Amino acid sequence: MSLYLCVDCGGSKTSAVICDSEGTILARALGGPSNFANLTFSQFTAAVSSTVQDALRACPPELHLPTTLPPTPTPFAAASFGVSGVDSPAAISSLTPPLSTLLNLTPAHVHISNDTHLLASPLLTHPDTSHAVAVIAGTGSIAVSFAQRPDGSIHELARVGGWGWILGDEGGGFNVGREAVRQILLDFDRASVSGRPPAAAESVLTKRVLETFGVTHVPEILPLVYLSHGTTEYLKLPREKRLSSLSPLVFEAAFDHNDAFALRILKMCAGSLAEQVAVLLGDGAEAEDAPRTVKAEESVISFGGSLVGIDKYRALVLEDLKSRGHVFRYVEFVDDAAAVGAVGLAAAARLVASSPS
């Protein structure tokens, strides 16, 4: 039996899906974070191995599949990995041999790419479009444009972002948490100039952030952001996670409590993400100087990731793009990129099998 595996490796979780040759999903599993840029090589492979083994264990028992890696014999005909943090041919080359060995497959049957590539598949379902823009906003963010070749294959045109939490991740979880703290601090600083109480002092978000840090005054937040370690559960988190873990508070305050302060922060972050997408659409460049730009009205935009999975936040991104003159022909949200990837692998294999030799 030929099975097809797709593993979506992200900053928050690892998702593995196994399907049969007809594209029927047999099993799926979730594991811990597997952003290649944030982990050691052994941590990355351990996260992938554990999740794939869990997926094999979840397959129907009558298939009698091996449940340890590398499997002997391998049940997989091909495998695809969409890996956050893999942004260069060198990174792909370094991962291909060990992942091939892990699955007992030849390198030719293992495809590794940035995780945005898993989001380009909606392009295949819209015959009246030839371009796609994939936008991921979860813990981090990235935007990538794709084009479809005459033979139906999809290739990457350009990308913006994906720089990680120190340099980028606009519109992602770290950016939202960081901007929340920045705006709370800025509101306090402005009050020191005006002599009036901070405008956001009664904001639901401000109160929740202070509670999370375990403090009662805004200035007390700052040292806790930079403190290398601490005894509370919050301070045991890595410094970047301390900020990204605040993003659910911002969404809750904005969308559940109608907190205007929190909503303003989300609009700022959504605008930062939209600005990156707009670069792929040619904003700020002359047409003759940017031949790889795509036109929104002729393209599909495909979203993936936990933050843009929130309808109201995704709408903020689209509203900002519209204000810049960009309205996409189709809008898709891919909530299970690993499943899309596995089914796509099986479909590609069937297409090859049916083609004249």
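Anything mentioned here points back to the structure above.
Counting from 1, residues in each chain are numbered in the order their sequence is written. Local features in this predicted model are restricted to residues of pLDDT 70 or higher, and side-chain atom pairs are both shown and tallied only at a pLDDT of 80 or more, whereas totals for entire chains, interfaces and linings draw on every residue. Where side-chain values are given, they derive from all heavy atoms of the structure, hydrogens and water being excluded.

1. Focus on the overall build of the protein
Right, so step 1: Each helix and strand counted, the protein has 10 helices and 10 strands in total.
Right, so step 2: For a compact globule the rule gives 2.2 Å times the number of residues to the power 0.38, and the radius of gyration it is set against comes from C-alpha atoms. Taking 21 Å as the expected radius of gyration for a compact globule of 357 residues, we find that the protein reaches 22 Å, a close match to that expectation.
Right, so step 3: C-alpha extents for the protein along the principal axes are approximately 80 × 50 × 35 Å.
Right, so step 4: A buried classification covers 48% of the 357 residues belonging to the protein.
Right, so step 5: For the protein, restricting intrachain contacts to residue pairs at least 6 apart in sequence, the fraction spanning at least 24 positions comes to 64%.
Right, so step 6: Only the protein chains shown count as cover for residues, and the accessible areas themselves come from Shrake-Rupley with a 1.4 Å probe. Only carbon and sulfur atoms are counted for the fraction: they give 56% of the accessible area of the protein, which is about 16900 Å².
Right, so step 7: This count recognises Lys and Arg as positive and Asp and Glu as negative, with His and chain-terminal groups excluded. Positions of charges follow a simple convention, taking NZ of Lys, CZ of Arg, CG of Asp or CD of Glu. Computing the positive centroid from 25 side-chain charges and the negative centroid from 36, the protein places the two 4 Å apart. Numbering of helices and strands runs from the N terminus, with a helix taken as a DSSP run of H or I at least four residues long and a strand as a DSSP run of E at least two residues long. Summary of the burial criterion: residues with accessible area below 20% of their type's maximum are buried, those above 50% are exposed, and those between are partly exposed, where the area comes from a 1.4 Å probe applied to protein chains only. Contact definition: two residues touch when any of their heavy atoms are within 4.5 Å.

2. Considering the packing of aromatic side chains
Right, so step 1: Working definition: rings of Phe, Tyr and Trp (its six-membered ring) pair if their centres are within 6.5 Å, and the pair is stacked with planes under 30 degrees apart, edge-to-face with planes over 60 apart, and tilted otherwise. All told, the structure shown has four aromatic pairs when counted by the stated rule.
Right, so step 2: With a centroid separation of 5.9 Å and 55° between ring planes, the pair formed by phenylalanine 251 and phenylalanine 255 is classed as tilted. With phenylalanine 251 and phenylalanine 255 both in helix H7 (residues 247-256), this residue pair falls four residues apart, about one helical turn.
Right, so step 3: In this structure phenylalanine 251 comes out as buried when scored by relative accessible area, which is 7%.

3. Regarding the pattern of salt bridges
Right, so step 1: Definition used for salt bridges: Asp or Glu carboxyl oxygen within 4 Å of a side-chain nitrogen of Lys or Arg. Under the counting rule described, the total for this entry stands at 10 salt bridges.
Right, so step 2: With a shortest N-O distance of 2.9 Å, glutamate 156 and arginine 159 are connected by a salt bridge.
Right, so step 3: The salt bridge involving arginine 314 is made with aspartate 311; its shortest N-O contact spans 2.8 Å. Of this pair, arginine 314 and aspartate 311 both sit in helix H9 (residues 311-323), separated by three residues, roughly a single helical turn.
Right, so step 4: In this structure, a network of salt bridges that share partners links the residues Arg208, Glu211 and Glu252.

4. A short note on the packing of helix H1 (residues 41-58) against helix H2 (residues 89-103)
Right, so step 1: Running from N to C, H1 and H2 point in directions that differ by 35°, and their axes come no closer than 12 Å. For the crossing formed where H1 meets H2, the hand is right-handed. Mapping the contact onto sequence places Phe41, Phe44, Val48, Ser49 and Val52 in H1 and Ser94, Leu95, Pro98, Leu99, Leu102 and Leu103 in H2. Helix axes are fitted only over the stretch in contact, all axes being lines through C-alpha atoms; the angle between N-to-C directions runs from 0 to 180 degrees. Take the far helix as your reference; a near helix turned counterclockwise from it by less than a right angle gives a left-handed crossing, and one turned clockwise gives a right-handed crossing.

5. Structural notes on the nonpolar core
Right, so step 1: The biggest cluster of nonpolar side chains holds 54 residues, and the ones touching the most others in it are Val133, Leu205, Phe213, Ile221, Leu266, Val277 and Tyr313.
Right, so step 2: The leading source of residues in this core is helix H8 (residues 260-280), at 10 residues.
Right, so step 3: With sequence-adjacent residues up to four places away left out, valine 277 is seen in contact with Val133, Val135, Ala143, Ile301, Leu321 and Phe328.
Right, so step 4: Judged by nonpolar contacts, the second largest core, of 30 residues, contains Leu3, Leu56, Leu69 and Val110. In plain words, nonpolar cores are sets of buried Ala, Val, Leu, Ile, Met, Phe, Trp, Tyr and Cys residues tied together by side-chain atoms within 4.5 Å.

6. A short note on helix H4 (residues 204-213)
Right, so step 1: For H4, the set of buried residues is Leu205, Thr206, Val209, Leu210 and Phe213. Axial view of H4: buried residues confined to an arc of 130°, hence all on one face.
Right, so step 2: Residues of H4 that are buried make contact with helix H3 (173-194), helix H5 (221-226), H7 and H8.
Right, so step 3: Two N or O atoms count as a polar contact when they lie within 3.5 Å, although within protein this holds only if one can serve as hydrogen donor and the other as acceptor, and sequence-adjacent residues are included solely when both atoms are side-chain atoms. For H4, the capping residue at the N-terminal end is serine 203, with a side-chain oxygen 3.1 Å from the backbone nitrogen of leucine 205.
Right, so step 4: Just downstream of H4 lies glycine 214, where phi reads positive at about 75°. The directions from the helix axis to the C-beta atoms form the arc being described.

7. Section: the sheet that holds strand S4 (residues 76-83)
Right, so step 1: In this scheme, strands are said to pair when DSSP sees at least two bridges between them. If you walk across this open sheet you meet the five strands as S3-S2-S1-S4-S5, and the pairing is mixed. Whereas interior strands pair on both sides, the edge strands pair on one side only; in this sheet they are strand S3 (25-31) and strand S5 (110-113). Strand-to-strand twist in this sheet, taken as the mean axis angle between neighbours without regard to direction, amounts to 10°.
Right, so step 2: Pairing of strand S1 (residues 3-9) with S4, which is carried by seven bridges, proceeds in the parallel orientation.

8. A look at the sheet that holds strand S7 (residues 141-148)
The strands making up a sheet are joined through hydrogen bonds of the backbone, oriented either antiparallel or parallel.
Right, so step 1: Across the sheet, which stays open at both edges, the five strands sit in the order S8-S7-S6-S9-S10 with mixed pairing between neighbours. Both edges of this open sheet fall to strand S8 (154-161) and strand S10 (330-333), since each of them pairs with a single strand only. Adjacent strand axes in the sheet meet at a mean angle of 20° when their direction is disregarded.
Right, so step 2: As defined by bridge partners, S7 adjoins S8 across seven bridges and the pair is classed as antiparallel. Its bridge partner lying in S8, valine 144 is registered against arginine 159.
Right, so step 3: The strands touched by H9 within the sheet are strand S9 (299-304) and S10, with S9 carrying the most contacts at an inclination of about 145°.

9. Quick notes on the side chain of threonine 116
Right, so step 1: Take threonine 116: it is sitting in the loop between S5 and strand S6 (131-137).
Right, so step 2: Side-chain polar atoms of threonine 116 contact the side chain of asparagine 114, separated by 2.8 Å.
Right, so step 3: If we ignore the near neighbours within four places in the chain, the residues touching threonine 116 are Ala134, Ile136, Ile142, Val144 and Phe146.

10. A word on the pairing of S4
Right, so step 1: Counted residue by residue, S4 has seven buried out of eight residues, so it is predominantly covered.
Right, so step 2: In this structure, S4 lies alongside S5, joined through four bridges in parallel fashion. Of the residues in S5, the one forming a bridge with alanine 79 is valine 110.
Right, so step 3: If the strands point away from the viewer and the path from the first strand over the helix to the second runs clockwise, then the crossover is right-handed. The parallel pair S4 and S5 is bridged by H2, and the resulting crossover is right-handed.

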